[in-house]
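If you want the building blocks of each chain, they are given just below.
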Amino acid sequence: MLDVIIIGAGPAGLSTAFWCDELGLDALVLEEAENVGGQLHRVYNPIYNYLGLKAGNGAELLEHFAADVNSAEFDLWTQTSISSVDLKAKRVSLASGEDLQSIALVIATGVRPRELGVPGEKEFIGKGMIESAARDRDLFAGEDVCVVGGGDAAVENALLLTDVCPTVTLVHRGKKLRARREFTEQLQTMHCITVFPESVLTRIIGDDHVEAVEIKRKQGLKPFQLAVRGVLIRIGVEPNTDLIRDQLETDQNGYVVVNSQQETNVPMVFAVGDVSNPLAPTISGATGAGATAAKVIASRLNTPGRTL
Ligand SMILES: Cc1cc2nc3c(=O)[nH]c(=O)nc-3n(C[C@H](O)[C@H](O)[C@H](O)COP(=O)(O)OP(=O)(O)OC[C@H]3O[C@@H](n4cnc5c(N)ncnc54)[C@H](O)[C@@H]3O)c2cc1C
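Below you will find a few notes about this structure. What you see as residue numbers is a count from 1 along each chain, following the sequence as written. In view of the model being predicted, local features appear only for residues whose pLDDT reaches at least 70, and side-chain atom pairs are presented and counted only at 80 or more, with totals across whole chains, interfaces and linings using the full set of residues. The side-chain numbers reported here are obtained from all heavy atoms of the structure, hydrogens and water having been left aside.

1. Points about the overall build of the chain
To keep things clear, this is the line we draw: Only DSSP runs of H or I reaching four residues or more are called helices, and only runs of E reaching two or more are called strands; each is numbered from the N terminus. It is over C-alpha atoms that the radius of gyration is taken, and the globule rule equals 2.2 Å times the number of residues to the power 0.38. The classification of residues rests on relative accessible area computed with a 1.4 Å probe and restricted to protein chains. Under 20% of the type maximum is buried, over 50% is exposed, and intermediate values are partly exposed. Throughout, a contact is declared for two residues whenever any of their heavy atoms are within 4.5 Å. Here the accessible surface of atoms and residues is derived via Shrake-Rupley with a 1.4 Å probe, and residues count as covered only by protein chains that are part of the display. Only four residue types enter the charge count: Lys and Arg as positive, Asp and Glu as negative, with His and the chain ends excluded. In plain terms, the charge of a residue is placed at NZ if it is Lys, CZ if Arg, CG if Asp and CD if Glu.
Counting its secondary structure elements, the chain contains 6 helices and 18 strands. Over its C-alpha trace the chain gives a radius of gyration of 22 Å, about what one expects of a compact globule, namely 19 Å for 308 residues. With respect to the three principal axes, the spread of C-alpha positions in the chain is 65 × 40 × 35 Å. When the 308 residues of the chain are sorted by exposure, 45% land in the buried category. Relative to all contacts within the chain whose residues are 6 or more apart in sequence, the contacts with residues 24 or more apart total 58%. Accessible area for the chain stands at about 15500 Å²; split by element, carbon and sulfur atoms hold 48% of it. Put simply, the chain has 28 plus and 40 minus side-chain charges, and the middle of one group is 9 Å from the middle of the other.

Here is the structure:
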């Protein structure tokens, strides 16, 4: 019987585990990926907003985290596939057949990029799908590209691509872009960006590389094809709550509902980081929530701990 099982080893899960060690709790972190760090592996831009620490990108910030994590004493199992979780019983069953039991459970499973669900989206990964303009734009220098989405991430990526791409077509569903004004104002000065509002990308076309996209504009207009060599999709994220969604309270988008102590509506089940923070997902928010959960668990278990 463990004190705490933490599911997910992004910033939130790692911070929870780090604090559990600090407070004398016996913790195990289960991570399905090969490496810890979660979304930090997808942050290619510099991180200037984590107080006290600047990093050139997510991987660099992760190195700082790793230095502390490696010196802490908690168990971490990566590449671990969970087949089911019984929240009330605090029992986690692994695909390997092993059952694990704890007094408290912490859900730190973060979010994943939302998929468009159109033909070609998966088939052209590595063959014209752009994961990040900051990372990949040089590969698309001189090529026409298409960006899907109307929020900050889509518009910021479209702007970055204008540095190297002759044309950038931005396709979004809404009437107006949702991106912050700083980005939309900049966009208006860019003559190489064409914006298609109230439009959806319905197909990505090509043989062994992206060659075109099919765009459907609303109001009965016929879909048309646009020749592009690259496609970047940024249509938001969704929470990784598939394992537990029907056992606890979530909002209409599947995010776990927590109180100010990171508690869910199931006793001794906590949620931390982006999976429970749809409005303000940040690295600092995730690490802070992990600290809160560990301290609350420690006080519930009546563990004196070193810093309580
Ligand atoms: C491009 C980009 C730029 C960003 N820039 C910034 C920035 O400048 N500043 C900032 O503060 N934030 C930034 N963020 C947001 C920040 O990365 C997140 O807020 C933070 O990573 C959230 O941490 P988390 O631990 O909650 O979730 P995640 O980082 O998503 O980690 C969740 C972990 O849980 C694991 N997991 C999921 N499901 C399971 C399962 N069933 N079993 C086991 N493990 C599971 C995942 O593999 C992952 O490792 C950025 C994000 C992106 C994508």
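Read on, since the account is not over.
2. Some thoughts on the packing of helix 1 (residues 11–22) against helix 6 (residues 283–300)
As a reminder of what qualifies: For helices, the fitted axis covers only the stretch in contact; all axes are lines through C-alpha atoms, and the angles between them, taken along N-to-C directions, range from 0 to 180 degrees. Helix crossings fall into two classes, left-handed where the near helix is turned counterclockwise from the far one by less than a right angle and right-handed where it is turned clockwise. Polar here means any residue outside two lists: the nonpolar Ala, Val, Leu, Ile, Met, Phe, Trp, Tyr, Cys and Pro, and the charged Asp, Glu, Lys and Arg; Gly therefore counts as polar.
Closest axis-to-axis distance for the helix 1/helix 6 pair is 7 Å, and the angle between their directions is 35°. Along this stretch, helix 1 crosses helix 6, giving a crossing that reads as right-handed. Contact residues: Pro11, Ala12, Ser15, Thr16, Trp19 and Cys20 in helix 1; Ile283, Ala286, Thr287, Gly290, Ala291, Ala294 and Lys295 in helix 6. Residue classes in the contact of helix 1 with helix 6 are distributed as 8 nonpolar, 4 polar and 1 charged.

3. Some details on unusual backbone geometry
Glycine aside, the phi torsion of most residues is negative, and most peptide linkages are trans. Phi is positive for glutamine 79, close to 50°, though the residue is something other than glycine. Relative to the helices and strands, glutamine 79 is located in the loop between strand 5 (75–77) and strand 6 (82–86). A positive phi angle, near 50°, is found at glutamate 198, a position not held by glycine. Within the secondary structure layout, glutamate 198 lies in the loop between strand 12 (193–196) and strand 13 (199–206).

4. Observations regarding the pairing of strand 11 (residues 168–171)
What counts here: Between any two strands, pairing holds if DSSP finds at least two bridges. With the strands pointing away from the viewer, any crossover whose connection runs clockwise from the first strand over the helix to the second is right-handed.
In strand 11, alternate side chains face the same way, and those of Val168 and Leu170 on one face and Thr169 and Val171 on the other are all buried. Here strand 10 (residues 145–148) pairs with strand 11 via 4 bridges, running parallel. Directly across from cysteine 146, in strand 11, lies its bridge partner threonine 169. With helix 4 (residues 152–161) bridging strand 10 and its parallel neighbour strand 11, the resulting β-α-β unit is right-handed.

5. Focus: the nonpolar core
As a reminder of what qualifies: We define the nonpolar core as a collection of buried residues of types Ala, Val, Leu, Ile, Met, Phe, Trp, Tyr and Cys that are connected through side-chain atoms lying within 4.5 Å of one another.
The biggest cluster of nonpolar side chains holds 37 residues, and the ones touching the most others in it are Val4, Ile6, Leu61, Phe270 and Ile297. Listed by contribution, the elements that provide at least two residues to this core are strand 1 (2–7), helix 1, strand 2 (27–30), strand 3 (47–50), helix 2 (58–71), strand 8 (99–107) and helix 6. Ranked by the residues each element gives to this core, the list is headed by helix 6, at 8 residues. For isoleucine 6, the residues in contact, after removing those within four places along its chain, are Gly13, Thr16, Ala17, Cys20, Ala27, Leu28, Val29, Leu30, Val106 and Ala108. Counting residues in hydrophobic clusters, the runner-up holds 20 residues, among them Leu28, Val85, Ile107 and Val269.

6. Digging into the sheet that holds strand 14 (residues 210–217)
Read from one edge to the other, the open sheet built from 3 strands follows the order 13-14-15, with strand pairing classed as antiparallel. Lying at the two open borders of the sheet, with one neighbouring strand each, are strand 13 and strand 15 (224–227). Each adjacent strand pair in this sheet contributes to an overall mean axis angle of 30°, direction not counted. Bridge count between strand 14 and strand 15: 4 bridges; the pairing is antiparallel. Paired with isoleucine 215 across the strands is phenylalanine 224, a residue of strand 15.

7. Here we look at the side chain of threonine 264
The test is simple: In protein, a polar contact requires one atom able to donate a hydrogen and another able to accept it; more generally it is a pair of N or O atoms within 3.5 Å, and residues adjacent in sequence count only if both atoms are side-chain atoms.
As for its position among the elements, threonine 264 is in the loop between strand 17 (237–239) and strand 18 (269–271). Under the relative-accessibility criterion, threonine 264 is labelled buried at 10%. At 3.1 Å, the side chain of threonine 264 forms a polar contact with the backbone nitrogen of valine 266. Of the polar contacts made by the side chain of threonine 264, one reaches the backbone oxygen of valine 269; its length is 2.8 Å. What threonine 264 contacts, discounting residues up to four positions off in sequence, is Leu248, Val256, Val257, Val258, Val269, Phe270 and Ala271.

Without other data, these values stay purely geometric and don't point to any function.
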